[in-house]
Amino acid sequence: MTTVPMTESLCQAGSSGLAKAPRPTGASQSVTIPGAHFRRVLGNVPTSVAVVAGIGPDGQPVGLAIGTFTSVSMDPPLVAFCPGESSTSWPKIRMAKRFCVNVLAAGQEDVCAAFASKQPDKFSGLSWTAAGNGAPRLESVVAWVECDLEAEYQAGDHSIAVGRVTHLETGTGEMPLVFLGGRYLSVD
């Protein structure tokens, strides 16, 4: 298995008008945790692998790889993911205010690698159709979730993007692609 970075940096800090998340109170604010240690410990927690895709202001498809896609609420139906602040793709999707989350299947490491890269046309060689909201829905995914951007909160070097689900479906029936301990795994 090849290891590929899970997320592209996704959000422009300072210029986006994002809401500031409340800061916790107490002594823990002053604790410094080395990044390598943080990554090593939290690498023991499995994360989902998905592609968030939308249509940019120029009418072209745009997308980024994400980890830790999660459900937030059933009523109203909300989901969330955390784009990084240096992404060039997320601001374009944010402007569209709608997107499709494509949950990748086992064996789609190459798709994740394409969307985690900085290459200009991440959709090159990939098959996709327009979802009901117009955002790109990739072929051969485990599930897709169409959303309108509900809210976004600044959170350190990432933001927390919350999507209101407008439609969702299961896909191939394959097992999902999972990231754990710095590598991709298939759930058996």
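Preceding block: the structure.
Thresholds applied
Residues numbered from 1 in each chain as written. Predicted model: local features only at pLDDT ≥ 70, side-chain atom pairs only at ≥ 80, totals over all residues. Heavy atoms only, no water. Helix = DSSP H or I, 4+ residues; strand = E, 2+ residues; numbered from the N terminus. Contact = heavy atoms within 4.5 Å. Buried < 20%, exposed > 50% of the residue type's maximum accessible area, 1.4 Å probe, protein only. Salt bridge = Lys/Arg side-chain N within 4 Å of Asp/Glu carboxyl O.

Colleague: Can you break down the environment of Thr 70 residue by residue, with the values?
Modeller: With respect to the element layout, Thr 70 can be found in strand E4 (residues 70-74). Counting along the chain gives 92 residues from Thr 70 to Val 162, while the straight-line C-alpha distance between them is 9.7 Å. The contacts of Thr 70, once residues within four sequence positions are left out, are Val 79 and Ala 80.

Colleague: Lay out helix H3 (residues 109-116) with the relevant residues and their values.
Modeller: Burial analysis of H3 places 6 of its 8 residues in the buried class, which makes it a mostly covered element. Turning to H3, its buried residues are Glu 109, Val 111, Cys 112, Ala 114, Phe 115 and Ala 116. Elements that come into contact with the buried residues of H3 comprise strand E2 (47-55), strand E3 (61-67), strand E8 (136-138), strand E11 (177-180) and strand E12 (183-186).

Colleague: How would you sum up the pattern of salt bridges? Please name residues and give values.
Modeller: Using the criterion set out here, one finds 3 salt bridges in the structure. Ionic pairing is found between Glu 152 and Arg 94, a salt bridge with its closest N-O pair at 2.7 Å. Pair noted here: Glu 152 is in strand E9 (residues 143-155) and Arg 94 is in helix H2 (residues 90-96), with a separation of 58 residues, a long-range link. Linking Arg 164 and Glu 150 is a salt bridge whose minimum nitrogen-to-oxygen distance equals 2.9 Å. Pair noted here: Arg 164 is in strand E10 (residues 158-170) and Glu 150 is in strand E9, with a separation of 14 residues, a long-range link. Given the relative accessible area of 40%, Glu 150 is considered partly exposed.

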